[in-house]
Amino acid sequence: MADVDLNPGVAQDDVNLTSPVFFAHGDPHAIWRRLRAEDPVHWTSGRLTRKFWSVTRYADARFVFMNDTRIFSVQRSGANLPMGPEFEDPASSFFTEMSTSGQQLSVMDGVPHSDLRRYFSDTFSRKGVDGLEHMVRTITTDTIDALLERGECDFSTEFAGFVPTAVISAILGVPKDRWNDLYRWTSMLAAPEDPEFSVGTPLETNTAGVTNIMETCATLAEEFRGKGQDNLLTVMTRAEIEGKPLTRMQLGFNGLMFFGAGHETTRSSMSTGLAELLRHPDQLDYLYHNRHDPEVLRVASDEFVRYSSPLTHTLRTTTEDTVIGGQPVKQGDWVVVWFHGANRDPAAFPDPERFDVTRAPNPHLGYAVGKHFCLGAHLARLDMQIMLEVLLDRLDEIELAAPIEMSSSNLFWGIKHMPIRFKRRG
Ligand code: HEM
């Protein structure tokens, strides 16, 4: 394989893949399409000092996920590319330091990972999530009722983003008067280069978002300790990592995980879903007529996730020499799986660029697969199913009121603002 540095055209694509600002204005899909066809395991140099392998085919992505812990570690270097060169050194980026210290479920390997995951599994199992339906429905209807009279809103922030943040806050036990702060801090941590969320340099903005969320979660968890309350922060106070209760830092960092994982992803999937439905009125009509069929809405929500793939990538470090899709990869190399590449691979999905809410089967990797399979997948499906049902029930003649804006993030990529107009149905 040719070294991409020798080819200025290719190098520009590499720079773009590592540039959050490019994601707000450029077309990363064109890069993933080209890589998948021409160089599916691509040695990528971008604006980071470290190079990495970009994996863009479905079969290769599955291979990586199915060999987590055995050949690939998430713990050694964390689960995402540094957001910029200034984030590369754990000594200067608190987020990088935390992400590479094995103190949070999503960045742990092996037995400690599966042990900690077990503490959360009741809450997020299919049965556990079914028990949350009433709470999710109440939050969703209250949110939409408050918007109905206005006849317009920013769908992405005021509905698609607000509902999952409120739901995860309620599950954790975070009081209502903190929900808006948590929403803002999550945006600061996820898109620190975006001037809209900036409170300083990207590094300062990210660190402020991270520490505020961690502080809030850790303080609440310590307040809840021993009081037998029925919330997830209380569950965390009972959890152990390698036989020891979670430290204040670990309580904060695991609490933070749920905001990053649950808010940005569900918001993008829902917003992309509605944007595509507005482009495909026949599919909107089909969902309207089936809006009380949970199965139809769940199938649709899976297409929202495949099509939007809101987590753009995940990172692994190889623990031994291996071969991915015919490409030898050395021990210690970074491997980045780009979800959009895999989820639009024609080898896995017929007509992959087509948005189709009836697509079944839909074995997308938007929630990953294997040991780190999204813990919140059942909850995300329920959130989207109820949001869709309530939306279809109450809003009519929905249209875009201004152009859509995309977020400046090459980690959680998706719709940032989506102003819509609508009429109240009936
Ligand atoms: C559409 C919505 C969502 C998508 C597309 C999504 C996607 C993902 C993906 C791809 C992973 C694996 C990352 C990796 O392998 O490095 C993951 C892990 C995770 N997700 Fe989600 N997620 C969504 C919603 C949620 C929600 C609502 C929650 C909970 C509130 C959640 C909690 C988690 C957690 C805790 C992990 C780490 C699991 C582990 O490492 O064992 N996610 N998610």
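For the structure, see preceding data.
Everything numeric here is computed off the predicted structure, so don't read it as measured data.

(A) Examining the overall build of the protein chain more closely. When you go through the protein chain residue by residue, the secondary structure sums to 17 helices and 14 strands. What you see for the protein chain is a C-alpha radius of gyration of 21 Å, in line with the 22 Å of a compact globule of 426 residues. C-alpha extents for the protein chain along the principal axes are approximately 60 × 55 × 40 Å. Long-range contacts, defined here as pairs at least 24 residues apart, represent 72% of the contacts in the protein chain between residues at least 6 apart. Counting only carbon and sulfur atoms, one obtains 53% of the accessible surface of the protein chain, whose full area is about 16,800 Å².

(B) Representation of the site of the ligand within the structure. Near the ligand lie 31 residues; those nearest to it are His113, Arg117, Thr314, His372 and Cys374. In the model, an oxygen atom of the ligand is placed 2.7 Å from a nitrogen or oxygen of the His113 side chain. Take Arg316: an N or O atom from its side chain is 2.7 Å from an oxygen atom of the ligand. Counting residues per element, the ones that place at least two in the shell around the ligand are helix H6 (110-124), helix H13 (248-279), strand E7 (313-318) and helix H17 (377-394). With 7 residues, the top contributor of residues to the shell around the ligand is H13.

(C) Just the pattern of salt bridges, in detail. Counted according to the given criterion, the structure contains 28 salt bridges. The residue Arg424 makes a salt bridge to Glu149 at a minimum N-O spacing of 2.4 Å. With Arg424 in strand E14 (residues 419-424) and Glu149 in the loop between helix H8 (133-148) and strand E4 (152-154), this residue pair connects regions lying 275 residues apart in the sequence. The exposure class assigned to Glu149 is exposed, which follows from its relative accessible area of 64%. Taken together, the salt bridges that share partners define one network made up of Asp194, Glu196, Glu405 and Lys416.

(D) Expanded view of the pairing of E14. Two elements, E4 and E14, share 3 bridges in a ladder whose sense is antiparallel. Within E14, the residue paired with Asp154 across the bridge is Pro419. Both strand E11 (residues 395-400) and E14 contribute to a ladder of 4 bridges, which runs antiparallel. Its bridge partner being in E14, Leu400 is matched across the sheet by Ile420.

(E) Representation of the sheet that holds strand E10 (residues 334-338) in the model. Strand order in this open sheet of 5 strands is E1-E2-E10-E7-E3, and the pairing throughout is mixed. Looking at strand neighbours, the two that pair on one side only are strand E1 (41-44) and strand E3 (72-73), the edges of this open sheet. Sheet topology note: the strand E2 (residues 52-55)/E10 ladder contains 3 bridges and is parallel. Directly across from Trp53, in E10, lies its bridge partner Val335. The strands that helix H4 (residues 58-66) touches are E1, E2, E3, E7 and E10; relative to E10, the one it contacts most, it runs at about 125 degrees.

(F) Seen up close, the nonpolar core. Counting 92 residues, the largest nonpolar core has Phe120, Phe258 and Leu388 as its most contacted members. Ranked by the residues each element gives to this core, the list is headed by H17, at 11 residues. Contact partners of Leu388, with chain neighbours within four places excluded, come to Met270, Leu277, Leu287, Leu297, Ala300 and Phe304. Within the second largest apolar cluster, 19 residues are counted, among which are Val55, Ile324, Leu365 and Ala368.

(G) How the structure looks around the environment of Pro350. As for its placement among the helices and strands, Pro350 is situated in the loop between helix H16 (339-343) and H17. Among the residues examined, Pro350 registers a relative accessible area of 64% and is labelled exposed. Sequence separation of Pro350 and Tyr183 is 167 residues, and the distance between their C-alpha atoms is 37 Å.

(H) Representation of the side chain of Asn254. With respect to the helices and strands, Asn254 occurs in helix H13. Among the residues examined, Asn254 registers a relative accessible area of 0% and is labelled buried. Polar contacts involving the side chain of Asn254 include one to the main-chain carbonyl oxygen of Gln250, which spans 2.9 Å. Beyond its immediate chain neighbours, meaning those up to four positions away, Asn254 contacts Gln103, Gln104, Leu105, Leu116, Met236 and Leu246.

(I) How the structure looks around helix H10 (residues 179-190). With 12 residues, H10 extends 17 Å between its outermost C-alpha atoms, agreeing within 8% with the 16 Å of an ideal straight helix rising 1.5 Å per residue. Extensive coverage of H10 is indicated by the burial of 9 of its 12 residues. When H10 is considered as a whole, its buried residues turn out to be Trp179, Leu182, Tyr183, Trp185, Thr186, Ser187, Met188, Leu189 and Ala190. Where H10 is buried, its residues meet helix H5 (94-99), H8, helix H9 (155-172), helix H11 (202-224) and H13.

Basis of the calculations
Residues numbered from 1 in each chain as written. Predicted model: local features only at pLDDT ≥ 70, side-chain atom pairs only at ≥ 80, totals over all residues. Heavy atoms only, no water. Helix = DSSP H or I, 4+ residues; strand = E, 2+ residues; numbered from the N terminus. Rg over C-alpha atoms; globule rule 2.2 N^0.38 Å. Contact = heavy atoms within 4.5 Å. Areas by Shrake-Rupley, 256 points an atom, 1.4 Å probe, with all protein chains shown as cover. Near = heavy atom within 4 Å. Polar contact = N/O pair within 3.5 Å; in protein donor to acceptor, adjacent residues only side chain to side chain. Salt bridge = Lys/Arg side-chain N within 4 Å of Asp/Glu carboxyl O. Buried < 20%, exposed > 50% of the residue type's maximum accessible area, 1.4 Å probe, protein only. Pairing = 2+ DSSP bridges. Axes fitted to C-alpha atoms, helices over the stretch in contact; angles between N-to-C directions. Core = buried A, V, L, I, M, F, W, Y, C linked by side-chain atoms within 4.5 Å. Expected span 1.5 Å × (residues − 1).

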